[in-house]
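Chain by chain, the residues run as shown.
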Amino acid sequence: PGEGPVLTVYSLQPVPKACTSVPVLQQHRIHGTRSRVSTTISRPNSSTLQPNSYDLAVFGGKTVRLVRLHLDVSAVKLAHLEISRPPVELQDWILDIRWLREDKQSLLCVAVAHNGALLLDISSGNALAHCSCLEGCLLYSALLVVHKSWADTVLIGGTVFNQLVLWKPGGEASHNRAPVERRLLGHTGVIFSISYLQEKGWLASASDDRSVRVWAIGALGGCGGNCGDLKPTCLRVLFGHQARVFSVCLSPRRVFSAGEDGACLIWDGAGGGTVLRALKGHRAGGIRALAVSPGRDDTGRWVATGGADGGVRLWKVEDDEEEDTVTKTITDLEFSGRGVPKVVCVVEGEAHNTKWSQCRILVCTDQGFVYQYGNGHWELLWRGSPEFQSYCVMETVAVRLKDSISKANLCAVGSLSGVLKVFPISHPQNEIALQSCSGKIHSLIWQQCDQYVYLLASAAEGQVYRWCIDVRFNEMGTVSLRVKCCPAFVLPTCSKRWLTAAVRLPSKSKGALWVCGDRRGSLLLFQEDLDRRGEEEATDCMQANIKGHETDGALQEKEIPEEHKDLTLSPLSCLFGVHGKQGVTSVCEYQGLLYSTGRDGCVRIFRVGEGPLQLEVLRVQRACKGMEWLERSLIESPGDDKKGSTIENKGTEARFVIFGFHASQFVVWDPVKLERLLAVPCGGGHRSWSFWPVHTGVWPGYGALVFIKQGSVLASERPLESTSVSARTWNEGWSLREGIHGRGIGCVCRLGRIWVPNDSTANRAETPGPVRVQIEGQWEIIVTGGEDTSLTVLAVHPNSGSVTVLSIITDHISSVRTVVALTHQDRLKLTSQSQSLSALVISASGRAQLQCYRLQIGWNKRRLAPFCQVVQVAGHRLDEHWERKRNRHKMVKMDPETRYMSMAVVDDNSDAVLVALACSDGAVRLFSVSEVKRQIHLLWETFYHQRCVLSVATCSLKAGKGHRYVLLFSAATDGKIAVWDLTQAASGSSCDAPTPPNPCLSIAAHQSGVNSLAVWPHTQGPLDGGCLVTVSSGGDDGQLMVSTIRVDFLEDRLRTVGVTQDQPQSHLGLHLLSQLSFPSAHAAPVTALKLLRPGLIVTASCDQRVCLWELCSTSINHRGVLCSHVADAAGLAVWEEPVVEDGRTADLGQTLYEYNLYDYYY
């Protein structure tokens, strides 16, 4: 694929991996490649020939270049690219190119945008022939059908008039002008892509009108340039995309289309034109490139897609696969029992990996009967007493029998009167009656431990009764239950006082901990006494203290032990209403972290504090827009849960998927890929449901839903029962290159690097995932913010160019405009000599929103990849701050559409971090961010500029006697830069609310807006009683301005005249000494300017250039330039290597890149 100007070659066998890459088209983007076999060699032990090298014609924009791909059959080095010719520049945009068949020369047929074609000798760069169509309109797409010669060539163009025109550029033309031979009408939008299938005579077109049309055109090309049937017919009109269709490909039985909605649809071309499968995996922005391999009946086809997010994905598609596996169809199980079904549960089989056909379905009716479904029919399993009629709750669990490899399934049924029955499903006659109270049982929860299973029953008045059940075989060979009553939990007083979720955390030092969620939306922490809750003592109690008699293999509980009758446990910690008023739906634990879901549309990742036992929320993950009813979070299959990996990764956040309801569908949502993995049209969330498989808390990549709707028991279609990793991988696709942002990138910030020693590749063969990359050396950690309202944490390997997405944070509600970071690195003194990274990241976006996170980044030795743990520190929104103000009815309301444009760190101390923000409403605001208090506080705001403030920067000065001064520079759309003395604010307490100061100096720097600032103190020694400060700025006028300011320290002089007692008093005197300008630094607005070192700056602009400048006392010297294909550069991050004195910059717009500035400076 072409990634900007870079051509990358991937090997697909035995596993997909990047082989080689080389920049080909300089500042142009690659739009396509066309290959032909250059040389061949004999196969080993065979007389047949195989290709040894290919000629690649790479084109983009108005440029085409010849590249040779060499293949090494010895597999020592799979492939390498050789650029053999300089690029050839044409006068028009290139839409398609094709090699002339059976031509030994380097002749190309080229279709250009103004409905023309030419014959190009790529070796010499000369056009041998040129022809235009009489219909001289602009084309959006073109396809060349080439045979042996220029005279046989047929061109198909998609015009701006929504038509397809066919003409022959090599035919008999008058004055190099050829007439239209065929015209296809039907589209109502411009045509973006055309595909032709010669063996069927089909032509397919993809259009702006969201449709794909398949035409019966007949034979095209060949001797004489056949233009097909005189009256082509439209076979099918395929509507299935939700946005524009960008690309289409044809195969003998399938039609492949990709569009702006981010989906690649596979259509049944030979049948009724239905969608068989939807390939999704790219983030917002759509799929811009599509390629389908020729394929064979026994191997299937490769389908590759390239997205606007910069990602490249690969799928394996079989020609005989069935319809779409994402959106499930519904099957009625035809319940035939007495009563109306009220509760449904899926019961797994005795094996660990139970297939769908081996599972059973239990249904409890309003008559108190429990029915079992298996092998296609229903049978009565358990008959309840009259108190179970009209109302009942039911839950099931599979528990491994003690001293056995077998499992037993238990069912618990609760009634309106407080009666609770527990029975083994294999022996329902061995039921146990448990009396909790005289009130209604609201919910039942099973919780498994190593050798026991706990049952929790939430009753009236916030009482949660608990039993510990030991399951084993007795002498008669039936299942025996030994029950011990445990102290009850008491929930806090509230309106909806019953339990909805619970998880048990065993701890040897703190006793058993329980984390529970209630219907009010609160998370609760309970602790059991270590001396009385030990599992060994529990076993003794079961065997000695509980008196009962065995009947048919079941041990009946007779009475509650005296010490437990009045003993209750209250919560040690409570996060009241953290999930809103609709309640907590699930709580689970994985590797030391807890994951809770609720009907507020959020997954909260939290933990139990190490010091005092309390719950600490680390961060919040929202599902997709409109998906508010979340039911469960399941860990994605990690592939590294072996001994040692769990201990090493303890406390590290795992990848998970979200179960929930979106409108009328049950949805499995991937918050990282931002796609639906499963959708079942069940009608919504107000119903009883159960999901298969139920044996694990890990999402296996497939599943089926059973639910009750209008008195019927329904199930989604039978899923694939293959649980192999390879089968699931082909269904999900390979990620050859991960996507970054689906829309434009607005800001970038480098956090630092982590080091990986060479011996980390010892277990490289065990690395999960298909794409093998070089992992030793250093990984640069970068945070980007985009217009898709997300923050993305990236790990970039400079040597191999691989990019790994570590985390995606989606807490912002508008596009992220600026981000800053305060980094701390720890070099670990370990045998692996790895390095970790900790950073406090503050991001700001539109809608006046601030977010603060603590990022912990390290190296996963098992997976051989970096990992990132995100801790959400605090958030702030200006509109919410205004709503909390007193007497706000007397004030002018703040603008809710205020955007934060730029941010700079003013001061970093142990108590809080001070940050200044440039705002679109004309204000400069100062915030205090406290990680300890987990608060963001607005200290003051000033509207001095009275127009949009575009950028801010800070500078710290050191004077004699240990004094330190802080200056803030702010620039607005009027081209002026204001200088503020923030020394008092930096030295004051974070809880103070000082009055905003007046600016000390105003500098007229540009004719229009100042987009970026860089400030540093002068490198020479301090002057007598002051120092020099250099301010460099870039603006919309394309000018680079350097201003020098003299700063006088006035501590021993009189204070500044004219400052009232209400205003902070400045101890500095500022004077503008000189200004230098470079009027035409860029041919477009300077959008980013960063300081590499004092006297050396880097600028980026919309003119696609990244420039290096050296600043002297009397001049600005241009030291180097890099051309970038990114048309709208929005930001820049620069840093220097610690050993080799060179600089790296990351330039961004729609894509992220690295550049090395070594050659241009030294």
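Looking at an unreviewed UniProt entry, one finds the protein chain named tRNA (34-2'-O)-methyltransferase regulator WDR6 and attributed to Hippocampus comes. Entered under Subcellular location (unreviewed entry) in the UniProt record, the comment concerning the protein chain runs "Cytoplasm". UniProt, in its Sequence similarities (unreviewed entry) section for the protein chain, records the words "Belongs to the WD repeat WDR6 family."

This part is about the environment of Trp-699. With respect to the helices, strands and loops of the structure, Trp-699 is situated in strand S60 (residues 698-699). Using a relative accessible area of 4% as the deciding quantity, one classes Trp-699 as buried. Separated by 65 residues in sequence, Trp-699 and Leu-634 have C-alpha atoms that sit 5.5 Å apart.

Along the chain, the position of Trp-689 falls in strand S59 (residues 689-692). Note on Trp-689: relative accessible area 15%, which makes it buried. C-alpha of Trp-689 to C-alpha of Lys-709: the two residues are 20 residues apart in sequence and 9.5 Å apart in space. Every residue in contact with Trp-689, bar those within four places of it in the chain, is listed here: Val-344, Glu-631, Arg-632, Phe-661, Phe-666, Leu-705, Val-706 and Phe-707.

Time to look at the packing of aromatic side chains. For the structure on display, the rule yields 24 aromatic pairs. Summarising the aromatic geometry, the rings of Phe-659 and Phe-691 are spaced 4.8 Å apart at their centres and angled 65 degrees between planes, so their arrangement reads as edge-to-face. Remark: Phe-691 occurs in strand S59 and Phe-659 occurs in strand S56 (residues 656-662); sequence separation between them is 32 residues. There is no split in this pair, since Phe-659 and Phe-691 are both buried. On the numbers, 6.1 Å between centres and 80 degrees between planes, the contact of Phe-661 with Trp-689 is edge-to-face. Residue Phe-661 is located in strand S56, and its partner Trp-689 is located in strand S59; the two are separated by 28 residues in the primary sequence. By relative accessible area, which is 3% here, Phe-661 ends up buried.

What follows deals with the sheet that holds strand S1 (residues 2-3). To summarise the sheet geometry, strands pair through backbone hydrogen bonds and adopt either a parallel or an antiparallel arrangement. One open sheet holds the 3 strands; their spatial order is S1-S2-S3, and the pairing between them is antiparallel. Since the sheet does not close on itself, it has two edges, and those belong to S1 and strand S3 (17-23), each with one partner. As paired strands, strand S2 (residues 6-11) and S3 are joined by 6 bridges and run antiparallel to one another. The partner of Thr-8 across the bridge, within S3, is Ser-21.

This structure, assessed with the given rule, holds 25 salt bridges. Across the salt bridge formed by Asp-96 and Arg-98, the nearest N and O atoms sit 3.2 Å from each other. A relative accessible area of 26% means that Arg-98 is categorised as partly exposed. Salt-bridge contacts for Arg-183 lead to Glu-135; the nearest nitrogen and oxygen are separated by 2.7 Å. Of this pair, Arg-183 sits in strand S17 (residues 182-184) while Glu-135 sits in the loop between strand S12 (126-133) and strand S13 (139-145), placing them 48 residues apart in sequence. Salt bridges sharing common partners tie together Arg-34, Asp-96 and Arg-98.

Definitions and cut-offs
All residue numbers refer to positions counted from 1 along the written sequence of the respective chain. Only residues with pLDDT of at least 70 get local features here, since the model is predicted, and only at 80 or more are side-chain atom pairs given and counted; chain-wide, interface and lining totals rely on the full set of residues. Side-chain metrics rest on all non-hydrogen atoms present in the structure, leaving aside hydrogens and water. UniProt positions are given in the numbering used here, feature names are shortened, and annotations may be inferred rather than shown by experiment. Every helix listed is a DSSP run of H or I at least four residues long, and every strand listed is a run of E at least two residues long, numbered separately from the N terminus. Residue exposure (1.4 Å probe, protein chains only): buried if accessible area is under 20% of the type maximum, exposed if over 50%, otherwise partly exposed. Should any heavy atoms of two residues lie within 4.5 Å, those residues are considered in contact. Here a pair means two rings of Phe, Tyr or Trp (six-membered ring of Trp) with centres within 6.5 Å. Their orientation is stacked below 30 degrees between planes, edge-to-face above 60, and tilted elsewhere. Any two strands are treated as partners once DSSP identifies two or more bridges connecting them. For salt bridges, the criterion is a side-chain nitrogen of Lys or Arg within 4 Å of an Asp or Glu carboxyl oxygen.

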